[in-house]
Amino acid sequence: MGYLFETHLHTSEASACAVSGGHEVARAYHENGYSGIIVTDHFFNGNSAIPRNMPWKDRVDLFTMGYKNAKEEGQKIGLTVLFGFEYAADGAEFLVYGLEPDFLYANEDFDKAGVKRMIDSVREAGGITSLAHPFREASHLYGFRLFIDTDAIEAVNAGNRHNPDFNRRAYEFALDRGKLMTAGSDLHSADSVTCTGMMFDREIKTSSDFVAAVKEKAYKLMLCGEEYEYVPKNYAELK
Ligand SMILES: [Zn+2]
Ligand SMILES: [Zn+2]
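Residues numbered from 1 in each chain as written. Chains lettered and ligands numbered in written order. Predicted model: local features only at pLDDT ≥ 70, side-chain atom pairs only at ≥ 80, totals over all residues.

1. Notes on the overall build of the chain
Phase 1: The helix and strand tally for the chain stands at seven helices and 10 strands.
Phase 2: Its C-alpha radius of gyration of 17 Å places the chain within 12% of the 18 Å reference for a compact globule of 239 residues.
Phase 3: Within the chain, the proportion of its 239 residues that are buried is 49%.
Phase 4: Within the chain, residue pairs in contact and separated by at least 24 positions form 72% of the contacts whose partners lie at least 6 positions apart. (Helix = DSSP H or I, 4+ residues; strand = E, 2+ residues; numbered from the N terminus. Rg over C-alpha atoms; globule rule 2.2 N^0.38 Å. Buried ≥ 20, exposed ≤ 12 C-beta atoms within 10 Å, placed from the backbone. Contact = placed C-beta atoms within 7 Å.)

Given below as structure tokens:
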């Protein structure tokens, strides 16, 4: 037993590719037994639903609506809802955790900071970054993603479940580099909850609880309701 937490999900308020709103998403996770979720919509440099030609504050207001709606619903039904976002740059995507929306209000043009400055600023503010699905093959993921100094690697992503090698390589890479690991669904629709995420040995109530528990490695990586089992590839067999 433990506390199941989603770390990677999108809402239709802010992500152009998502189909369900924050309220609906929160209910779906609650019904599937999660104790909490982190809303990680695509930021302005990714597949964003937010118009460009508006003042920064108004854009951040709109960007955080999915999170706010999920949080409102979470408070009614008893689901912890935390803020995060997914930052796209240099042909790679990065999950950002441990910060509050205030961070974005205070950092105008953060979408243009670039990977290095983004990672450093997040760390300075007490947050952590996780390199999202580093071995997924997709046309928008073309960057040299593995040389980037994130705190964690997204070792397990439910969107990769039909290509087990994408997760296996990510896990192997994180293991090899001694990186922290995260696991998440990359959910885009409330009807596709798969019980993927991180199982913590304690209840997570705030963003700083989350960061502390990840740093202490107080988690299990879950894929479709089961603890992720890394099976090294037998390269000798391939010869
Ligand atoms: Zn998306
Ligand atoms: Zn995503």
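2. Description of the sheet that holds strand E5 (residues 128-131)
Phase 1: Read from one edge of the open sheet, 10 strands run E7-E6-E5-E4-E3-E2-E1-E8-E9-E10, paired in mixed fashion. Only two strands of the sheet have a single partner each, and these edge strands are strand E7 (180-184) and strand E10 (226-227).
Phase 2: Summarising the sheet, strand E9 (residues 219-223) and E10 pair through two bridges and their orientation is antiparallel. Pairing of Met222 across the sheet is with Glu227, part of E10. (Pairing = 2+ DSSP bridges.)

3. As for the pairing of E9
Phase 1: Of all five residues making up E9, four are buried, and the element is well covered by its neighbours.
Phase 2: As paired elements, strand E8 (residues 197-200) and E9 share four bridges and run antiparallel to each other. Of the residues in E9, the one forming a bridge with Phe200 is Tyr219.
Phase 3: From the end of E9 to the start of E10, which pair antiparallel, there are two residues, and Cys224 there has a positive phi angle of about 50°.

4. What to know about the nonpolar core
Phase 1: Ile37, Ala155 and Leu221 are the most contacted members of the largest nonpolar core, which totals 65 residues.
Phase 2: The element contributing the most residues to this core is strand E3 (residues 80-89), with seven residues.
Phase 3: Apart from residues no more than four positions distant in its own chain, Ile37 is found in contact with Phe5, Glu6, Leu9, Ala26, Tyr29, Ala70, Leu79 and Val81. (Core = buried A, V, L, I, M, F, W, Y, C linked by C-beta atoms within 7 Å.)

5. Examining the packing of helix H1 (residues 22-31) against helix H3 (residues 65-77)
Phase 1: Close contact between H1 and H3 brings their axes to 7 Å; oriented N to C, the two are set at 45°. Relative to H3, the element H1 lies oblique. The chirality of how H1 crosses H3 is right-handed. Touching Gly22, His23, Val25, Ala26, Arg27 and His30 of H1 are Gly66, Tyr67, Lys68, Asn69, Ala70, Glu73, Gly74 and Ile77, all from H3.
Phase 2: Looking at the contact of H1 with H3 residue by residue, the class counts come to five nonpolar, six polar and three charged. (Axes fitted to C-alpha atoms, helices over the stretch in contact; angles between N-to-C directions. Parallel < 35°, antiparallel > 145°, perpendicular 65-115°, else oblique. Left-handed = near helix turned anticlockwise from the far one by under 90°. Nonpolar A, V, L, I, M, F, W, Y, C, P; charged D, E, K, R; others polar.)

6. As for unusual backbone geometry
Phase 1: Residue Cys195 is not a glycine yet carries a positive backbone phi of 60°.
Phase 2: Here Cys195 shows up in the loop between E7 and E8.
Phase 3: Exposure remark for Cys195: the 18 C-beta atoms within 10 Å place this residue in the partly exposed category.
Phase 4: Even without glycine at this site, Lys217 takes up a positive phi of about 55°.

7. Here's the deal with the environment of Lys68
Phase 1: Residue position: Lys68 is located in helix H3.
Phase 2: C-beta crowding within 10 Å serves as the criterion here: with 17 such atoms nearby, Lys68 is assigned to the partly exposed category.
Phase 3: C-alpha separation for the pair Lys68 and Leu82, spaced 14 residues apart in sequence, amounts to 9.3 Å.

8. Focus: the environment of Gly91
Phase 1: Turning to its location among the elements, Gly91 is positioned in the loop between E3 and strand E4 (92-97).
Phase 2: In the structure, Gly91 is positioned 47 residues away from Ala138 in sequence and 10.0 Å away in space, judged by C-alpha atoms.
Phase 3: When neighbours within four sequence positions are excluded, Gly91 is seen to be in contact with Leu141, Tyr142 and Gly143.

9. Structural notes on the pairing of strand E2 (residues 36-42)
On any regular strand, side chains alternate: one points to one face of the sheet, the next to the other face.
Phase 1: Summarising burial for E2: seven of the seven residues are buried, a large majority.
Phase 2: Every second residue of E2 is oriented toward a common face, with Gly36, Ile38, Thr40 and His42 on one face and Ile37, Val39 and Asp41 on the other, all of them buried.
Phase 3: Here strand E1 (residues 3-6) runs beside E2; their pairing, made up of two bridges, is parallel. Its bridge partner being in E2, Glu6 is matched across the sheet by Ile37.

10. Thoughts on helix H6 (residues 164-177)
Phase 1: An ideal rise of 1.5 Å per residue puts 20 Å on 14 residues; H6 measures up with 20 Å between its terminal C-alpha atoms.
Phase 2: Regarding H6, the residues found buried are Asn167, Ala170, Tyr171 and Ala174. Across the axial projection of H6, the buried residues extend over an arc of 95°, all falling on one side. Away from the buried face of H6 by more than 90 degrees, exposed residues Asp165, Asp176 and Arg177 are located.
Phase 3: At its buried positions, H6 is contacted by strand E6 (152-157) and E7.
Phase 4: A positive phi of about 65° marks Gly178, the residue just after H6. (Expected span 1.5 Å × (residues − 1). Arc of directions from axis to C-beta.)

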